[in-house]
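# Chains, contacts and geometry: an overview
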Amino acid sequence: LESEATMYKTGYHLESWHEESDLSDTGYEPGASYPMPATNTTLYAKWVLNETRYVIFNNNGGSGTMSNQGIVEGNSANLSANTFTRTGYAFIGWALSEDGEVIYEDEASITMGASNINLYAQWTINSFTVTFDSNGGSAISSQTIEYGGKVTKPTNPTRTGYTFSTWVRGSTVWDFNNHTVTENM
């Protein structure tokens, strides 16, 4: 008998074959052997509606909520757009575990199987450039610092006729031991 591999009805799966048109007999499983009688026989397919399964979105250290996305078993759909956020991080895609590899990009197509799917947001930390303006003194190289990281105190710049005092951001003296980077500066 034909199996689901060769028989297809969108949104349904083939459950069994039957000799009775009202499907009241025991039936045969798809792919099973059928003892062919001496006369022509019509078999009737029993199709069962595929159930809606859900993609469950986990923020994985981020903030916000996303509604579960219902997709009928066997069907494909694009994932809902990510709405989670995480301060200091950029969203890079979805994985099947908290620390897994990204397997789906944002809004990627997914085919729903026979069970719910848990997806975990994956994040990469943002990096920022810290530039030093020595106000006419010797050049100081910029530094690339990850979000929340501390700047390494550079060698004091030199300028003929001047003594270096301190590094200032805005009107605040920069404390290299305690201040952290949260943006380009």
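This text goes with the structure placed above it.
Okay, so let's go over this structure. Keep in mind it's a predicted model, so treat the numbers as computed, not measured.

## Considerations on the overall build of the protein
Tallying secondary structure elements over the protein gives 0 helices and 12 strands in all. Listing the helices and strands of the protein from first to last along the sequence gives β-β-β-β-β-β-β-β-β-β-β-β. Relative to its length of 185 residues, the protein is extended, with a C-alpha radius of gyration of 31 Å against a globular reference of 16 Å. Each principal axis of the C-alpha atoms in the protein carries an extent, and together these give about 115 × 25 × 20 Å.

## Considering the packing of aromatic side chains
Each aromatic ring pair is characterised by the separation of its centres together with the angle its planes make. Under the definition given, this model contains 7 aromatic pairs. Arranged with centres 5.0 Å apart and planes meeting at 55 degrees, the rings of Phe-57 and Trp-94 form a pair that is tilted. Of the two residues, Phe-57 is situated in strand β3 (residues 52-58) and Trp-94 in strand β6 (residues 89-95); the sequence distance between them amounts to 37 residues. Exposure remark for Phe-57: the relative accessible area of 6% places this residue in the buried category. Judged by relative accessible area, which is 0%, Trp-94 ranks as buried. Their ring planes at 65 degrees and their centres at 5.1 Å tell us that Phe-91 and Trp-94 sit as a pair that is edge-to-face. Each member of the aromatic cluster is reached from another via a ring pair, and the members are Phe-57, Phe-84, Phe-91, Trp-94 and Trp-123. Note that Arg-86 overlies the ring of Tyr-89, its terminal NZ or CZ placed 3.9 Å from the centroid.

## Section: the environment of Ser-24
In this structure, Ser-24 sits in the loop between β1 (12-18) and β2 (44-49). With a relative accessible area of 55%, Ser-24 lands in the exposed category. On a C-alpha basis, the gap between Ser-24 and Asp-133 in space is 85 Å, while along the polypeptide they are 109 residues apart. Side chain to side chain, Ser-24 and Asp-22 meet in a polar contact 2.7 Å long.

## Concerning unusual backbone geometry
The residue Leu-23 is not glycine, and still its phi comes out positive at about 60 degrees. What makes Leu-23 partly exposed here is its relative accessible area of 29%. Residue Asn-135 is not a glycine yet carries a positive backbone phi of 55 degrees. The topology assignment puts Asn-135 in the loop between β9 (127-130) and β10 (143-146).

## Looking at the environment of Tyr-12
Looking at the secondary structure, you find Tyr-12 in strand β1. Setting aside residues no more than four positions away along its own chain, Tyr-12 makes contact with Trp-47, Val-48, Leu-49 and Asn-50.

## What about the nonpolar core?
By size, the foremost hydrophobic cluster in this structure holds 13 residues, and its most contacted members are Val-55, Phe-57, Leu-79, Phe-84, Trp-94, Ile-110 and Leu-119. Among the secondary structure elements, those contributing two or more residues to this core are β3 and β8 (117-125). With 4 residues, β8 is the single largest residue contributor to this core. Those residues within four positions of Val-55 in sequence are excluded, and the remaining contacts are Asn-68, Gln-69, Ile-71, Leu-79, Ile-110, Met-112, Ile-117 and Leu-119. The next biggest cluster of nonpolar side chains, apart from the first, holds 10 residues, and it includes Ile-145, Trp-167, Trp-174 and Val-181.

## Some points on the pattern of salt bridges
Inspection of every chain in the model, using the stated rule, returns 4 salt bridges. A salt bridge links Lys-46 to Glu-15, with the shortest nitrogen-to-oxygen separation between them at 3.1 Å. Of the two residues, Lys-46 is situated in strand β2 and Glu-15 in strand β1; the sequence distance between them amounts to 31 residues. The shortest N-O distance in the salt bridge between Arg-53 and Glu-51 comes to 3.5 Å. A relative accessible area of 19% means that Arg-53 is categorised as buried. Classification of Glu-51 by relative accessible area gives partly exposed; the value is 49%. Salt bridges linked by common partners bring Glu-51, Arg-53 and Glu-73 together as one network.

How each quantity is defined
Residues numbered from 1 in each chain as written. Predicted model: local features only at pLDDT ≥ 70, side-chain atom pairs only at ≥ 80, totals over all residues. Heavy atoms only, no water. Helix = DSSP H or I, 4+ residues; strand = E, 2+ residues; numbered from the N terminus. Rg over C-alpha atoms; globule rule 2.2 N^0.38 Å. Phe/Tyr/Trp six-rings, centres within 6.5 Å; stacked < 30°, edge-to-face > 60°. Buried < 20%, exposed > 50% of the residue type's maximum accessible area, 1.4 Å probe, protein only. Lys NZ or Arg CZ within 6 Å of the ring centre and 35° of its normal. Polar contact = N/O pair within 3.5 Å; in protein donor to acceptor, adjacent residues only side chain to side chain. Contact = heavy atoms within 4.5 Å. Core = buried A, V, L, I, M, F, W, Y, C linked by side-chain atoms within 4.5 Å. Salt bridge = Lys/Arg side-chain N within 4 Å of Asp/Glu carboxyl O.

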